[in-house]
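As a plain string of letters, each chain reads:
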Amino acid sequence: MKILTKAEEEIMKVLWDLDFAFVKDIISQLPDPKPAYNTVSTFIRILEQKGFVGHEPHGRSHKYYPIINKEAYTKTCMKGLVSNYFSGSFKQMVSFFTNEEDLSIAELEQLIKEIKKKKS
């Protein structure tokens, strides 16, 4: 699966939230200053070419929908992050964030519970 640019990812987040949307619906959900209609339309076509978005024709317009779900994309990105920055070690990643982000004892306990649940 390809990795998205920041702008492409922003559009995908809107589509993941809305499930189906016209370009004007996507624009309305983007932060100010709003991009031009043609800019968003171009990004949507690129996302279609990358296999992330599909469309249904509606008259002279198209209604777009995500083909790749958010969870699958997140999993791919996280695996890339761990591989590229933590030598493929989730332990190193968790250790990094534990040291850098001042995780509370409650947050660490929650992580341990989730890990134990996963192993069960």
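To be clear, the structure that these remarks concern was listed above.
First, a word on scope: everything that follows refers to the structure included in this document. The model shown is predicted, which means the values in this text are computed figures rather than measured ones. (Residues numbered from 1 in each chain as written. Predicted model: local features only at pLDDT ≥ 70, side-chain atom pairs only at ≥ 80, totals over all residues. Heavy atoms only, no water.)

Another point: the packing of helix H1 (residues 6-18) against helix H3 (residues 37-49). Where H1 meets H3, the axes come as close as 10 Å, and the angle between the chain directions of the two elements is 85°. On the basis of the axis angle, H1 is roughly perpendicular to H3. For the pair H1 and H3, the contacting residues are Ala7, Glu8, Ile11, Met12 and Leu15 in the first and Val40, Phe43, Ile44, Ile46 and Leu47 in the second. (Axes fitted to C-alpha atoms, helices over the stretch in contact; angles between N-to-C directions. Helix = DSSP H or I, 4+ residues; strand = E, 2+ residues; numbered from the N terminus. Parallel < 35°, antiparallel > 145°, perpendicular 65-115°, else oblique. Contact = heavy atoms within 4.5 Å.)

Turning to H3, a few remarks are in order. In an α-helix, one turn spans 3.6 residues, which is why side chains three or four residues apart end up on the same side. Taking 1.5 Å of rise per residue, 13 residues should cover 18 Å, and H3 covers 19 Å from first to last C-alpha, within 8% of that figure. Along H3, the residues that are buried comprise Val40, Ser41, Ile44 and Leu47. Projection of H3 onto a plane perpendicular to its axis shows the buried side chains occupying an angular sector of 120°, all on one side. Turned more than 90 degrees away from the buried face of H3 sit Asn38 and Gln49, all of them exposed. Buried positions along H3 lie against H1, helix H2 (23-29), strand S1 (53-58) and strand S2 (61-66). Gly51 occupies a position one or two residues after H3 and carries a positive phi of about 85°. (Expected span 1.5 Å × (residues − 1). Buried < 20%, exposed > 50% of the residue type's maximum accessible area, 1.4 Å probe, protein only. Arc of directions from axis to C-beta.)

Let's shift gears to the layout of surface pockets. Which parts of space are left empty comes out when a probe the size of a water molecule is rolled across the atoms. Here the largest pocket is characterised by a volume of approximately 180 Å³. Around the largest pocket sit Phe90, Lys91, Met93, Val94, Leu111, Glu114, Ile115 and Lys118, which together line it. Elements supplying a minimum of two residues to the lining of the largest pocket: helix H5 (90-100) and helix H6 (105-119). Looking at the lining of the largest pocket residue by residue, the classes come out as five nonpolar, no polar and three charged. (1 Å grid on protein atoms, 1.4 Å probe; cavity = no way out; pocket = protein on both sides within 12 Å on 5 of 7 lines; lining within 4 Å. Points joined across faces, edges and corners; volume = space filled by probe spheres on them. Nonpolar A, V, L, I, M, F, W, Y, C, P; charged D, E, K, R; others polar.)

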